[in-house]
Amino acid sequence: MLIIHQKEITLAPYPRGIHLITRRIVQEIPEIKGISMGMLQVFIKHTSASLTINENADSTVREDFERHLNVMVPENAPYYVHTYEGPDDMPAHIKASMMGSSVQIPITNGALNLGTWQGIYLCEHRDRAQGRSLLITIWGV
């Protein structure tokens, strides 16, 4: 029998940077234990933050991500027109589009089937963001 479950959660505000949120996602969906084979999708309902999957073992990876994104997409570029909400706003929109608004992960035997060193990241691209809304959907058998 197909199981489908969907839940919207709000994360507390995070500072600008890359944050590991895998544990929080799993805590929010205990129904995952009833799925032997399926999928998880996490979608962020914002245009200035993003989601991605990458290494979860060494926190310096997250620091390097943030530094590199800031080099690739600098603040105060002279060609930005959308500057009404501050110097971090337009770069945040560009970074969010580059990184993506959702991740999808297989579920196997009631657990996320991530690689040994993989985790789900919230990429917060604003200096003073509010909480972020995530829509979590699981489906499977």
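Please refer to the structure placed before this passage.
Definitions and limits used
Residues numbered from 1 in each chain as written. Predicted model: local features only at pLDDT ≥ 70, side-chain atom pairs only at ≥ 80, totals over all residues. Heavy atoms only, no water. Pairing = 2+ DSSP bridges. Helix = DSSP H or I, 4+ residues; strand = E, 2+ residues; numbered from the N terminus. Axes fitted to C-alpha atoms, helices over the stretch in contact; angles between N-to-C directions. Contact = heavy atoms within 4.5 Å. Buried < 20%, exposed > 50% of the residue type's maximum accessible area, 1.4 Å probe, protein only.

Undergrad: If you had to explain the sheet that holds strand β4 (residues 49–55) to someone new, which residues and values would you point to?
TA: What the 3 strands build is an open sheet, ordered β2-β7-β4; its pairing is antiparallel. The sheet terminates laterally at β2 (17–20) and β4, the two strands that pair on one side only. Between one strand axis and the next, the sheet turns by 35 degrees as a mean value, whatever way the strands run. The pairing of β2 with strand β7 (residues 118–124) spans 4 bridges and is antiparallel. Bridging from a neighbouring strand, H19 pairs with L122 of β7. On top of the sheet, helix α2 (residues 59–72) reaches β2, β4 and β7; it is set at about 150 degrees to β2, its chief contact. Against the sheet, helix α3 (residues 89–99) engages β4 and β7, with an angle of about 45 degrees to β4.

Undergrad: Quick rundown of the sheet that holds strand β6 (residues 111–112)? Include the residues and the values.
TA: One open sheet accounts for 5 strands, arranged β1-β8-β3-β5-β6; its pairing is antiparallel. Looking along the sheet, the strands with just one partner apiece sit at the ends: β1 (3–11) and β6. As judged from the 2 bridges shared by strand β5 (residues 102–108) and β6, these two strands associate in the antiparallel manner. Looking across to β6, one finds that I107 is bridged to L112.

Undergrad: Summarise the pairing of β7; cite the residues concerned and give the values.
TA: The element β7 is extensively covered by neighbouring structure, given that 6 of its 7 residues are classed as buried. In terms of strand pairing, β4 meets β7 through 7 bridges, oriented antiparallel. Note that in β7 the partner of T52 across the bridge is Y121.

Undergrad: Tell me about unusual backbone geometry, and name the residues and values.
TA: In this structure, N76 is a non-glycine residue whose phi angle is positive, near 60 degrees. In this structure, N76 sits in the loop between α2 and α3. Residue class for N76 comes out exposed when judged on its relative accessible area of 60%. The phi dihedral of N109 falls on the positive side, at around 50 degrees, and the residue is not glycine. With respect to the element layout, N109 can be found in the loop between β5 and β6.

Undergrad: Account for the pairing of β5, with residues named and values stated.
TA: Judged by which residues are buried, β5 turns out to be one-sided: V103, I105 and I107 face inward and are buried, whereas S102, Q104, P106 and T108, on the alternate face, are not. Hairpin remark: β5 followed by β6, antiparallel, with 2 residues in the connecting loop; positive phi at N109, about 50 degrees.

What is shown is where atoms sit, not what they do.
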